[in-house]
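Geometric and topological summary
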Amino acid sequence: MAFDAKLEIANGIGKITLSGELDASVAGDFRTKIEEAAAQKVSKLVLILDALEYMSSAGLRTLVFAKQKMGQGVKIYVVGATEAVSEPIKQTGFHYSVIMMDTYDPGVIEA
Amino acid sequence: MPDQRIDTYPTHQYQGFDLRPGRPLPFGASLVPGGINFSIYSSAATSCTLVLFHKHEREPFIEIPFFDEFRIGDVYAMTVFGLNWEEVEYGYRMDGPWDPSNGYRFDQTRILMDPYARLIGGREVWGTDPDWSDIYHHRARLVADDFDWEHDKPLETPIEDLIVYEMHVRSFTAHESSGVSKRARGTFAGIVDKIPYLKDLGVNCVELLPVYEFDEFENSRVNDQTGERLYNYWGYSTVGFFAPKAGYAATGKFNMQVDEFKNLVKQLHAAGIEIILDVVFNHTAEGNEQGPYISFRGLDNKTYYMLTPEGYYFNFSGTGNTLNCNHPIVRNMVLDCLRYWAAEFHIDGFRFDLASILGRAPNGAPLSNPPLLEQLAHDPILAHCKLIAEAWDAGGLYQVGSFPAYNRWAEWNGKYRDGIRKFVKGEPGLVGEVAQLIQGSPNMYASRGPTASINFITAHDGFTLMDLVSYNDKHNWANGENNNDGANDNNSWNCGWEGETEDPGINALRRRQIKNFAAILMVSQGIPMFLMGDEVGRTQQGNNNTYCHDNLLNWFDWAQVEKAGDLLHFFQNVVAFRSAHPILRNRFFLSGSDYLGLGVPDITFHGTQPWQPNWSDGSARTLAFMLNGDYARGGAVRDDFIYVAMNMYWDAVHFTAPPLPAGMRWHVAVNTAMPSPQDIWAKGAEPVLDGGEILLGGRSVVILVGR
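All of these numbers come straight from a predicted model, not from anything done at the bench.

**Here's the deal with the overall build of chain B**
- A tally of helices and strands in chain B yields 14 helices and 32 strands.
- Against the compact-globule benchmark of 27 Å for 707 residues, chain B has a radius of gyration of 27 Å, which places it among compact chains.
- The burial tally for chain B puts 64% of its 707 residues in the buried class.
- Across chain B, contacts joining residues at least 24 apart in sequence account for 72% of those joining residues at least 6 apart.
- Roughly 25,000 Å² of accessible area belongs to chain B as shown, and the carbon and sulfur atoms make up 51% of that amount.

**Digging into the sheet that holds strand β4 (residues 75-79) of chain A**
All names here are of chain A.
- Spatially, β1-β2-β3-β4-β5 is the arrangement adopted by the 5 strands of the open sheet, whose pairing is mixed. Of all strands in the sheet, those with a lone pairing partner are β1 (4-10) and β5 (99-101), marking the two edges. With direction set aside, neighbouring strand axes in the sheet form an average angle of 20°.
- Of the strand pairs in this sheet, β4 and β5 are connected by 3 bridges, and their pairing is parallel. Across the sheet, the residue bridging to Val79 is Met101, located in β5.
- Packed on one face of the sheet, helix α1 (residues 27-39) meets β1, β2 (13-22) and β3 (44-55) and runs near 180° to β2.
- The strands that helix α3 (residues 83-91) touches are β3, β4 and β5; relative to β3, the one it contacts most, it runs at about 120°.

**Looking at the environment of B:Ser43**
All names here are of chain B.
- Locating Ser43 in the fold gives a position in the loop between β4 (35-41) and β5 (47-54).
- The class of Ser43 is partly exposed, set by a relative accessible area of 35%.
- Distance in space between the C-alpha atoms of Ser43 and Lys302 is 9.0 Å, their sequence separation being 259 residues.
- Residues contacting Ser43, with those up to four places away along its chain left out, are Asp74, Asp300 and Thr303.

**Some points on the domain arrangement of chain B**
- We note that the domain assignment places domain 1 (6-141) and domain 2 (591-706) within chain B.
- A straight line from the C-alpha centre of domain 1 of chain B to that of domain 2 of chain B covers 64 Å.

**Considerations on the packing of aromatic side chains**
Residues and elements named next belong to chain B.
- For the structure on display, the rule yields 57 aromatic pairs over all chains.
- Between the aromatic rings of Phe53 and Tyr136, the centroid separation amounts to 5.5 Å while the plane-to-plane angle is 25°, which identifies the pairing as stacked. Here Phe53 is found in strand β5, whereas its partner Tyr136 is found in the loop between β12 (119-121) and β13 (139-141), with 83 residues between them in sequence.
- Residue classification places Phe53 among the buried residues on the basis of a relative accessible area of 0%.
- For the ring pair Trp126 and Tyr233, a centre distance of 5.7 Å and an interplane angle of 90° mean the geometry is edge-to-face. Of the two residues, Trp126 sits in the loop between β12 and β13 while Tyr233 sits in the loop between β18 (229-230) and β19 (238-244), which places them 107 residues apart along the sequence.
- Look at Trp126 and you get buried, because its relative accessible area is 10%.
- A cation over an aromatic ring shows up here: Arg297 above the ring of Tyr293, its NZ or CZ 5.6 Å from the ring centre.

**A word on the interface of chain B and chain A**
- Counting from both sides, the interface comprises 22 residues of chain B and, opposite them, 20 residues of chain A.
- Both faces combined, the contact of chain B with chain A buries some 1,700 Å², and carbon together with sulfur accounts for 49% of it.
- It is B:Asp146, B:Phe254 and B:Met256 in chain B that bury the most area against chain A; as a group they hold 30% of the surface buried on that side.
- Our count for the contact surface shared by chain B and chain A stands at 4 salt bridges.
- Across the salt bridge formed by A:Glu87 and B:Arg183, the nearest N and O atoms sit 2.8 Å from each other.
- Taken together, the links from chain B to chain A amount to 7 residue pairs in polar contact (both at pLDDT 80 or more).
- Counting residues per element, the side of chain B that touches chain A draws most heavily on helix α4 (residues 257-270) of chain B, which supplies 4 residues.

**Thoughts on the pattern of salt bridges**
- Applying the stated rule across the entire model yields 42 salt bridges over all chains.
- Where A:Arg61 meets B:Asp259, a salt bridge forms, and the shortest distance between an N and an O atom there is 2.7 Å. Of this pair, A:Arg61 sits in helix α2 (residues 57-70) while B:Asp259 sits in helix α4, which puts the two residues in different chains. For the pair A:Arg61 and B:Asp259, a shared accessibility class is recorded, and that class is buried.
- For the salt bridge of B:Arg585 with B:Asp161, the shortest nitrogen-to-oxygen distance reads 2.9 Å.

The rules behind these values
- Residues numbered from 1 in each chain as written.
- Chains lettered and ligands numbered in written order.
- Predicted model: local features only at pLDDT ≥ 70, side-chain atom pairs only at ≥ 80, totals over all residues.
- Heavy atoms only, no water.
- Helix = DSSP H or I, 4+ residues; strand = E, 2+ residues; numbered from the N terminus.
- Rg over C-alpha atoms; globule rule 2.2 N^0.38 Å.
- Buried < 20%, exposed > 50% of the residue type's maximum accessible area, 1.4 Å probe, protein only.
- Contact = heavy atoms within 4.5 Å.
- Areas by Shrake-Rupley, 256 points an atom, 1.4 Å probe, with all protein chains shown as cover.
- Pairing = 2+ DSSP bridges.
- Axes fitted to C-alpha atoms, helices over the stretch in contact; angles between N-to-C directions.
- Domains from an automatic or database assignment.
- Phe/Tyr/Trp six-rings, centres within 6.5 Å; stacked < 30°, edge-to-face > 60°.
- Lys NZ or Arg CZ within 6 Å of the ring centre and 35° of its normal.
- Buried area = accessible area lost by both parts, 1.4 Å probe.
- Salt bridge = Lys/Arg side-chain N within 4 Å of Asp/Glu carboxyl O.
- Polar contact = N/O pair within 3.5 Å; in protein donor to acceptor, adjacent residues only side chain to side chain.

Written as structure tokens, this is what we have:
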């Protein structure tokens, strides 16, 4: 399945929905969406990953980029990551830098 | 828009690739604006070509020769623009003379790995057969230094406070009993899952067997008798000094081994546990004249290896070649490497395998003032790293007690291991030697202090602690070398039967002996180290050289944690005992005198009766000593009195402890002759000893605390 990244911004929350396979050849597209969200000065960034099938090291690097680009004050939520995606995130310790959620919880994210 | 820097413009082109002269330093491949800077050293090559692959592809997509103007001195440096650094693999071809008798082994047909490669592909998943027809096996890649360390930094725990646990990354969690997820077994991530176990054990430092990229298939073979595949399992044969082993990472197949390893360091630090790496700079995986071309041999053989006048490899490592560590170029590489691991990976210290080789001159002669060792001792970036030497080599140089230390290096104290083994085994006439050993070996380290002594009974080389008390002789048949490998001087004793037995008396004695070793180790001045699994009675079935086994001979069987509950309980508590008593962890030697006028000297020795040690009795197997807790940390900290009695006779013996100052009483903290859990008591729960007399069972240790 081809990679796709969609950005929506509402109420100061940036939501990027990823699908397909995130590798080095398309990581730039993801990075562009992060830069767009950063330019809008969102207070929270939500990454919806339930349709993301695979993430390479380039994808993880882009998550690191997101953390650095958004700054310390912006919480990043990683929502719905499949085991294939969440395991490398956890094994490399990146889950300590974001908030991992199984499903989108508006009570937490939009509070 | 700001002007673009002019040094980011290409100045040359080659087959569609934009280039410019590179920066000679740093060596290796570095990310620069718009491109990648490649820099490689060779003193005798006549030309150099950069070979670029797309990741995992068999054939290169371009080979770019370094233009003449790209070479400065002996360094070829070039920036290539427009490369996707995450998708590129790179190597070099070097042309130059083929003249082995003069040390030159250039071969332009070989693709060579960058010695400074920080990420290496080719063996991403442990034990997966490589494509043997690949023209480039160990593939250099690039890595970003963007790990989120938050506030982590090396812990800088005072060395006298360390309690070291020597372990092998894969062995620790490879067994399914570890409970680690299948994908993370035997990996850095697997260790993270087990940090709570290490915390409960009480150790505050792990020393990892080699984690630099190595090839588990080096000298891999099948055991004729068992049909089992044998590997280069321990990894004492480095392929790349700057790269963590991909096969030790659950994420290695995604090339995230650097991140995974950094996360391990970060999580260990968060738990208060330091990490020391066992580093192997004495030789490389290229072997002797018959070995493969991986890197150094084809880049600059004469610089990187010690060669005989005839051009053959010196073999002080016992593995075929010897890295030329005191050549200035190699010296700088070692220094660059350790600085990189200290600064970028937050490593707390290094243990140098066969470190005496690092003190040899290029012609093999031992140096009185080895520049590499001195440089490491005084390096500003390594200033707070622990530096630990295995102070011998396979060429006959044995420097325990005499390693060029520059008031900085510690040593694996092999004499401690041998002396305590003999004493606990029951050999007579050792009490004088043991008195030195438990003080941190002042007879060897007079000017260096007890922190020069890494005290150990067992390590990866040799028997496990359970095997030390279960076998008289090595049983290395599974290694496929006709039982000729491994040490013969083990100073072991099987307690009456060779190998496993159902005899309850023998098994009880073995467990008592293990506790004796653990107790003596933990009350000795110096730095204690013990081997992974000793706390649960891990056995290697009498094999004292399991370098090649990817199976239960090396793996930690976590079912043992339940089965060996009394041993684990003892270890946890005796480690806690050491941690609770600063008088056991002094930076400077105890003096044997009452130099502060506190009424009792800092350390005093005794026999079965107070003040009467058996120094002159050649048959003596008993020794006791007392520490005055008011002398902890040189008198800066108050601690309890501690009295340790060791009876290595086979029969029970009465001991009388010295009297305590008025108002104090002796309490029994440890009695290895007692059944668990009365063998050891937590601090504050120790039962009071009526009077000062105590009957020590045969082959047992008693520790009293006075307060």
